[in-house]
Amino acid sequence: MSAISYVNGVYIDHQDAMVNIEDRGYQFADGVYEVFAVIKKKIVDYDGHINRLYRSLNEISLKSPIVKDAYIFHIRNLIRKNNIKDGLIYLQISRGVAQRDFKFPKNTKPSIVITAKSISMDDYYSKFTKGIKVKITDDLRWKRVDIKTLNLLPPVLAKQKAVENGCDEAWMIDSEGYITEGSSSNAWILIKDKLITTPATNSILKGITRTSLINALKKKKIKFIEKRFNKKDIKIANEAFITSATQFVMPVVKVDNAKIGDGKVGKYANIFKDAYMEAIQLK
Ligand code: PDD
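Residues numbered from 1 in each chain as written. Predicted model: local features only at pLDDT ≥ 70, side-chain atom pairs only at ≥ 80, totals over all residues. Heavy atoms only, no water.

> Which residues make up the site of the ligand, and what values go with them?
Within the structure, the ligand sits among 20 residues, and Tyr33, Glu181, Ile208, Thr209 and Ala245 are positioned closest to it. Between the ligand and Ile208, the relevant distance is 2.8 Å, taken from an oxygen atom to a main-chain nitrogen or oxygen of the residue. Counting atoms within 2 Å of the grid points, the majority share of the ligand lands in the largest pocket. Every element with two or more residues in the shell around the ligand is listed here: β3 (31-39), α2 (46-59), β9 (179-182), α6 (208-219) and β13 (239-244). Tallied by class, the residues present in the shell around the ligand amount to five nonpolar, eleven polar and four charged. Residues from two domains meet in the shell around the ligand; each of domain 1 (4-119) and domain 2 (124-279) gives at least three. (Near = heavy atom within 4 Å. Polar contact = N/O pair within 3.5 Å; in protein donor to acceptor, adjacent residues only side chain to side chain. 1 Å grid on protein atoms, 1.4 Å probe; cavity = no way out; pocket = protein on both sides within 12 Å on 5 of 7 lines; lining within 4 Å. Sits in = over half its atoms within 2 Å of the grid points. Helix = DSSP H or I, 4+ residues; strand = E, 2+ residues; numbered from the N terminus. Nonpolar A, V, L, I, M, F, W, Y, C, P; charged D, E, K, R; others polar. Domains from an automatic or database assignment.)

What follows is the structure in structure tokens.
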């Protein structure tokens, strides 16, 4: 983690940054968050992420503690103060500090924390050439996962299960046998030349990377469909991918130990990744 973080109006050494034990983010996961990628010192798809943050706030009846224009100001300051070229910004807003009580507190100011860390694009590109392995796990989440809340225990457990099984990501499966999404990413498969991703309902988080890739595909006139898919579809898929702010477009080469296609990164992976990288908005 880089050295400087932003906590409730103050830039502070990361190791000295603290939140109150009565913070409702800590007590109830009563808050929302966003993760922004930074490439070449610029924020990737800033507008998409900030608009989704406001949607998440609105869905849980929480008011932004700062004006909308202040977000980019603080994020850019953290990029500069932490000397980040490529990296990730984590931004979290909770309902603030109040004595533990389930109902909303009155006159409590929401808490805001922003942290920044560097990532290596070389590491991303080298991971891309190998692809990742996925484990299928049950989707144990609540019914409003379209809101990017701090309530992350089910995906934490899913990811842990994936890791314990030698995998990098979990694809969560609903009670009807359909893949909803990854524990922290959206899921895609390619069957012949049909690119498929789960529709953006309340059962998935509508990824900003997902939207950017869709826009990129539309520009290139590459067809895709938003349709639910299950284990049988995965079996006949020739390629598979995940998308997220932290993984961009990342090929999947194995699901539950079964190879996707020939078990190597396929040719469309590069086409989709390049189309995405070309289409991202840097701010
Ligand atoms: N997670 N679905 C889930 C459940 C996610 O947690 C994420 C992102 C995505 C992809 O969304 P986006 O493309 O906007 O990053 C889909 C972030 C990266 C995280 O929690 O670390």
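Moving on from the model shown.
> Tell me about the nonpolar core, and please be specific about residues and values.
Counting 45 residues, the largest nonpolar core has Trp171, Ile189 and Ile234 as its most contacted members. Both domain 1 (4-119) and domain 2 (124-279) contribute no fewer than three residues apiece to this core. Of all hydrophobic cores here, the second largest spans 26 residues; its members include Ile43, Ile50, Leu53 and Ala116. (Core = buried A, V, L, I, M, F, W, Y, C linked by side-chain atoms within 4.5 Å. Buried < 20%, exposed > 50% of the residue type's maximum accessible area, 1.4 Å probe, protein only.)

> Give a detailed account of the sheet that holds strand β2 (residues 10-13), specifying residues and quantitative values.
One open sheet holds the six strands; their spatial order is β2-β1-β6-β5-β3-β4, and the pairing between them is antiparallel. Two strands in the sheet have a free side with no partner beyond their single neighbour: β2 and β4 (42-43). Here β3 runs beside strand β5 (residues 87-94); their pairing, made up of eight bridges, is antiparallel. Paired with Ala37 across the bridge in β5 is Leu88. (Pairing = 2+ DSSP bridges.)

> Give a detailed account of the layout of surface pockets, specifying residues and quantitative values.
Looking at the largest pocket, its volume works out to about 860 Å³. As for the largest pocket, its lining consists of 37 residues, of which Tyr33, Val35, Lys148, Ser183 and Ser184 are closest to the centre. Contributing elements (two or more residues each) for the lining of the largest pocket: β3, α2, β5, β6 (111-118), α5 (153-164), β9, α6 and β13. Considered class by class, the residues forming the lining of the largest pocket number 17 nonpolar, 14 polar and six charged. Looking at which domains feed residues into the lining of the largest pocket, each of domain 1 (4-119) and domain 2 (124-279) gives three or more. Size it by volume and the second largest pocket reaches roughly 470 Å³. Looking at the second largest pocket, it is lined by 24 residues, and the ones nearest its centre are Asp47, Gly48, Ile208, Thr211 and Ser212. Broken down by secondary-structure element, the contributors of at least two residues to the lining of the second largest pocket are α2 and α6. When residues in the lining of the second largest pocket are grouped by element, the largest group, six residues, is from α2. (Points joined across faces, edges and corners; volume = space filled by probe spheres on them.)

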